[in-house]
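A structural walkthrough
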There are 2 protein chains.
Amino acid sequence: MKLEKLVGDRFKERPSECLVDSHALMLRGGYMKFVASGIFSQYMPLRRVCRKIEQIIREEMDRIDGQEVLFPVVMPASIWQESGRYSSIGAEMFRFKDRNGADLVLGMTHEEAAVQLVREYANTYNKYPFMIYQIQTKERDEARPRGGLIRVREFTMKDGYSFHTSQEDLEQYYEKCHKAYERIYARAGVPEVISVKSDSGMMGGSVSHEFMLLTPIGEDSIVICKECDYRSNMEAADSITEVSDYGDAPLTKVNTGDAHTIEEVCAALKAEPKQSCKAVMYQKNADDSFVIIFLRGDLDVNETKLTNLLGCDVHPAAVDENSGIAAGCTGPVNFTAKATLLFDSSLKGGKNLICGANEDGYHYTGLTMERDVPGVEYHDLAKATEGGICPVCGKHTLSVSRGVEVGNIFMLGTKYTKAMGMQYTDANGELQYPIMGCYGIGVGRLAASVCEAHHDEFGPIWPKSIAPWQVHLCCLRADDEETHAYANELYNKLEDAGIEVLYDDRNVSAGIMFSDADLLGIPLRVIVSPRNMKEGAVELAARDKSFRDKVPVGDAFEQIVKKVKE
Amino acid sequence: MKLEKLVGDRFKERPSECLVDSHALMLRGGYMKFVASGIFSQYMPLRRVCRKIEQIIREEMDRIDGQEVLFPVVMPASIWQESGRYSSIGAEMFRFKDRNGADLVLGMTHEEAAVQLVREYANTYNKYPFMIYQIQTKERDEARPRGGLIRVREFTMKDGYSFHTSQEDLEQYYEKCHKAYERIYARAGVPEVISVKSDSGMMGGSVSHEFMLLTPIGEDSIVICKECDYRSNMEAADSITEVSDYGDAPLTKVNTGDAHTIEEVCAALKAEPKQSCKAVMYQKNADDSFVIIFLRGDLDVNETKLTNLLGCDVHPAAVDENSGIAAGCTGPVNFTAKATLLFDSSLKGGKNLICGANEDGYHYTGLTMERDVPGVEYHDLAKATEGGICPVCGKHTLSVSRGVEVGNIFMLGTKYTKAMGMQYTDANGELQYPIMGCYGIGVGRLAASVCEAHHDEFGPIWPKSIAPWQVHLCCLRADDEETHAYANELYNKLEDAGIEVLYDDRNVSAGIMFSDADLLGIPLRVIVSPRNMKEGAVELAARDKSFRDKVPVGDAFEQIVKKVKE
């Protein structure tokens, strides 16, 4: 391929809308173009990167006996009504009608389609286990697309669905797929991807893992124990705290004046926030009724755990005078307003704490949970914290990092097979519901994440396995006949040998040529120039700067092939 | 791959809803499953056939310097408003709104997206020519999906778009692409596909060709000259007729009683239909105003030519008393009702013809066009006919066949670049609009067409190049230890050699095994059985029945590899 004809502009200035480097570099390097919010067209270099990623995924899925199928992008609402998700999923699902008024949706995931495809086929136990997967366009009407390919509304995804007759069999396959995912990331050049325990969200099911590339631009918070194997998405991370026992003290009402935030109140009473019980207020989306979470003053509410516990969505509360709630002075003692009260485990056994007195300008000191708020149930509703206690090894060793989710796997159980009436006859002739797992990887997001992990200020540094081309051949001063003739010959020879070459023989300066090469990020650069020719040499340089050699003209072809294959 | 675990049911009974064989065989063979009208999921065998077709297309597009890109499935209405097609395309385009109320469409074709992708990039003449293509899901809300994969609402398509600075350059590339398409069909196993002149329809542009597989189940009528190269879709076929000169006669009103159809009137007057001028009535969709086409009595109106001439859509007329039109007795003389009158070329120079007298129960004889309806303009509005005159060689050599369109190519001209404001600076510094071509192939329809062309009553007979697997290995009586061990060994050896093997070692009868093999249509069948083993032989048989040999056990592997590669 000649660079001269490669469609797509490359440019120097970082577009002002780009908050993450991969987004900026993919626009600057002519990888993609904005079409609408969260929707891009791909130019050839990105298409090639994505196709190579798809092929790696396909090979690894085939290796664990995956069968490649294809589900439709457009689906009838009916199968989503069967599963119940037509109503439980919100605005993120695109919905519309066809010319006959039938309700349709765009696929954001394909559990329903997978069950629809196999529910008549897989009617006896001996057809199990099996896994079907597809690589297909997905649509999701994200509220806030961001970061280029990191969070988009249209994307290519590999999604796989396995079906089993026992939990043990699912667990074995889940583990196999976990290993396949590790191989995929390693082959794509990001072996540093880690798996973390995650919340199952709208997929349902019990155990699930996310594969995370740790990077400051990540949207997720990941809790990692520095001592043991514990790794979890913040959404699913247990919060363990020591008992806040500040000794015996009577419950005493004190005037705290204008102090309303827990920091102000604690400062006024000369106590650390840990010695307080704060109130965080939400309202249920459905009926705006109040939900108040009491937790230790230095902790934050984990909204995922909260909505999982409530079984419904909430939003931060807007407290007005009619509510009867004394905002800024709310506490668990003598609370009389109408609200659901929830208690975080961090308060369990707490003694001599500060809390609101439900009267404007007043707080209590000496709050002792068992004595003053007896008989309440405690739930884990707080976010894990940096330096917090690891729920596995019990040490104060937690750290919190940012990560991009580049894949996820779920044990779904029988949620979909039950809802959609898929059954098989077991060895005893009894009808049973098969147990499912599902396994997803976003192709474009993985490409962007690799770019995020491997780039410098000049462009991406693509790993060999997914680089758009294998060799970037620069012919400097193509107006020099001998130089151009040699470069042409080398280009043809490499192409004939099946090497993917991007050949730049434009009549431009070395500066432009090399900055374009940096933006295209091809691992091996070969430079043919009159100066090198005079020395009888060709220059080979790695995009990642790991080497820069001159090799004799006569050896160049073999050396290049060797570098490509090694 | 073991057949035992291949997801998908195979069965014997032809589903009653199937009107075409490929549809029936693809359901019976576990290739696909109905999801909604015109929307299917693909099981592994069809996915593999389609992926091989996609790869053939990709290689041929790359060979003519195509650059693979990817446009979105979901597009903002705005770019379709720019081209004007947001309003000109009807119900076949899926339209909906996102969560913010923005208008979106699903891509049924991507001219707009192609121009959007390159309009800033291709701003000077030296960036031309280039061609970009994608292989992507398309959505089209067909009024009447039919024939399985022949006419669907969701399909995978390769669509390419080329950009040029001169008509000559477009024509050269168009020809190159025409040849690439011929190679694609040949490689996919249907070299018999022919190209025909076609109507450009909603694409716009001047010259266009459709690639047609002639088959009785085709939806299109193809006009072919038996003597010369002339081939055209009926929609675009010129209609040439000899002058209907029946001598001199005065215009005479005659009572024709209850005779209303042209056949009844001609029978009553003892004339052949050729000697008549019939009236065919339509109404414009926009305002229901009447359009009456006068043409020779033995011909039919070509509605494509009619709507092209009118520049708007029409529907067959519903004539009521208020219209002032004497239905069944309408003629061009003394016509006083309100309507647009159009005259087909077949009437030009007509003498002594029969026509309606615009009075119920009366017709004229002796109609002589130049004398009785002077000064009218004639247009080609009739369908070409079997045995009609070839517009190229002028002989009565036309035949009409049915065909399935398996691809199309269009010279688009500047329709989209002008509408969307895409310009480049030419060598003289002047701004110009680039000239476009576009090139489409539906992958699933091609798969179905190959099946249509190559099948027997038992199943598809896949060409080697696109067969889902290369070898179908049957182990009869896998309960026989020696037989099974040998078959296992052969399977592993073939797989290790990179041969694609579907291995059937189920404990089922030879009848079931072979009928399943027929449905899967794999070109080479290998049969390992106790009986063959006793003879020290393995049986090799072609799905297309071109050979059936026994080879010594020791030679089997090499013979199979040889057959696969030849």
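Residues numbered from 1 in each chain as written. Chains lettered and ligands numbered in written order. Predicted model: local features only at pLDDT ≥ 70, side-chain atom pairs only at ≥ 80, totals over all residues.

1. Quick notes on the overall build of chain A
When helices and strands are tallied, chain A shows 15 helices and 31 strands. Classification of the 566 residues of chain A by burial places 49% in the buried group. (Helix = DSSP H or I, 4+ residues; strand = E, 2+ residues; numbered from the N terminus. Buried ≥ 20, exposed ≤ 12 C-beta atoms within 10 Å, placed from the backbone.)

2. Side note on the relation of the copies chain B and chain A
Each copy of the sequence occupies a distinct position, and chain B is placed on chain A by a rotation of 180° and an axial shift of 0.0 Å, giving an RMSD of 0.2 Å. Given the turn and translation reported, the copies of this chain are related as if by a two-fold rotation axis. Judged by C-alpha distance, B:F96 is the residue of chain B that lies nearest the rotation axis, at 2.8 Å. A share of 100% of interface residues in chain B that are also interface residues in chain A marks the association as one of identical surfaces. (Least-squares fit on C-alpha atoms with pLDDT ≥ 70 in both. Contact = placed C-beta atoms within 7 Å.)

3. Some points on the pairing of strand β2 (residues 39–42) of chain A
Residue and element names in this part refer to chain A. Along β2, one buried face is formed by I39 and S41 and the opposite face, lined by F40 and Q42, is buried too. In this sheet, β2 lies alongside strand β1 (residues 32–36) in antiparallel orientation, the contact comprising four bridges. When the sheet's bridge partners are listed, F34 is paired in β2 with F40. (Pairing = 2+ DSSP bridges.)

4. So, the environment of A:T109
Residues and elements named next belong to chain A. Relative to the assigned elements, T109 resides in the loop between β6 (103–106) and α5 (111–118). Given 20 C-beta atoms within 10 Å, T109 falls into the buried group. In this structure, the C-alpha to C-alpha distance between T109 and R371, residues 262 residues apart in sequence, is 50 Å.

5. Description of the sheet that holds strand β20 (residues 378–379) of chain A
Residues and elements named next belong to chain A. Read from one edge to the other, the open sheet built from five strands follows the order β16-β14-β15-β17-β20, with strand pairing classed as mixed. Looking at the sheet topology across the chains shown, the edges are occupied by β16 (314–316) and β20. The strands touched by helix α8 (residues 303–310) within the sheet are β15 (290–296), β16 and β20, with β16 carrying the most contacts at an inclination of about 140°. (Axes fitted to C-alpha atoms, helices over the stretch in contact; angles between N-to-C directions.)

6. Let's talk about the sheet that holds strand β31 (residues 548–552) of chain A
Residue and element names in this part refer to chain A. Taken in spatial order, the five strands line up as β28-β27-β29-β30-β31 in an open sheet, and their pairing is mixed. Of all strands in the sheet, those with a lone pairing partner are β28 (501–504) and β31, marking the two edges. Taking the axes of each pair of neighbouring strands and ignoring which way they run, one obtains an average angle of 20° across the sheet. Here strand β30 (residues 537–542) pairs with β31 via five bridges, running antiparallel. Its bridge partner being in β31, A541 is matched across the sheet by R548. Its contacts with the sheet put helix α12 (residues 481–496) on β27 (471–475), β28 and β29 (524–528), and the angle it makes with β27 is roughly 165°. Together, β27, β28 and β29 form the strand contacts of helix α13 (residues 510–520), whose direction differs from that of β27 by roughly 175°.

7. Remarks on the interface of chain B and chain A
Contacts between the two partners involve 41 residues from chain B and, on the opposite side, 41 residues from chain A. Counting residues per element, the ones that place at least two in the side of chain B that touches chain A are β1 (32–36), β2 (39–42), α2 (44–63), β3 (66–68), β4 (74–76), α5 (111–118) and β7 (130–139) of chain B. Each residue belonging to the side of chain B that touches chain A can be placed in one class, and the counts come to 24 nonpolar, six polar and 11 charged. (Nonpolar A, V, L, I, M, F, W, Y, C, P; charged D, E, K, R; others polar.)

8. Quick word on the nonpolar core
By size, the foremost hydrophobic cluster in this structure holds 261 residues, and its most contacted members are A:I53, A:A447, A:L473, B:I53, B:A447 and B:L473. Of all hydrophobic cores here, the second largest spans 34 residues; its members include B:L299, B:L306, B:C355 and B:Y364. (Core = buried A, V, L, I, M, F, W, Y, C linked by C-beta atoms within 7 Å.)

9. Concerning the environment of A:S78
Position of A:S78 among the secondary structure elements: in helix α3 (residues 77–83). Along the backbone, A:S78 and A:D103 are 25 residues apart, and their C-alpha atoms lie at a distance of 7.9 Å.

10. A word on the packing of helix α2 (residues 44–63) of chain A against helix α11 (residues 443–453) of chain A
All names here are of chain A. It is the contact of α2 with α11, at a shortest axis distance of 9 Å, that shows an interaxial angle of 110°. Regarding the angle of α2 to α11, the classification is roughly perpendicular. Contacts between α2 and α11 pair L46, V49, C50, I53 and E54 from the former with V443, G444, L446 and A447 from the latter. Counted by class, the contact of α2 with α11 contains seven nonpolar, one polar and one charged residues. (Parallel < 35°, antiparallel > 145°, perpendicular 65-115°, else oblique.)

11. Observations concerning the confidence of the model for chain A
Per-residue confidence for chain A gives a mean pLDDT of 95, with 99% of residues at or over 70. Scoring the predicted complex yields pTM 0.90 and, for the interface, ipTM 0.90. (pLDDT = per-residue confidence, 0-100.)

12. Observations regarding the environment of A:Y439
Position of A:Y439 among the secondary structure elements: in strand β24 (residues 435–442). Once you skip the residues sitting within four places of it in the chain, A:Y439 turns out to touch A:G160, A:C177 and A:I409.

13. Considerations on the packing of helix α1 (residues 21–28) of chain A against α11(A)
Helix packing geometry: the angle between the two helix axes and the distance between the axes. Residue and element names in this part refer to chain A. Two elements in contact, α1 and α11, have axes whose closest approach is 8 Å; the angle formed by their N-to-C orientations is 105°. Viewed along their axes, α1 and α11 adopt a mutual orientation that is roughly perpendicular. Residues D21, S22, L25 and M26 of α1 form the contact with α11, whose participating residues are A448, C451 and E452. Residue classes in the contact of α1 with α11 are distributed as four nonpolar, one polar and two charged.

14. Looking at unusual backbone geometry
Cis geometry marks the peptide bond from A:Y128 to A:P129; its omega dihedral reads -10°. Unusually for a residue other than glycine, A:N358 sits at a positive phi of about 60°. Within the secondary structure layout, A:N358 lies in strand β18 (residues 353–359). Under the C-beta neighbour-count criterion, A:N358 is labelled buried, with 21 such atoms within 10 Å. Here the phi dihedral of B:R477 falls at roughly 60°; this positive angle occurs in a residue that is not glycine. Positionally, B:R477 belongs in the loop between β27 (471–475) and α12 (481–496).

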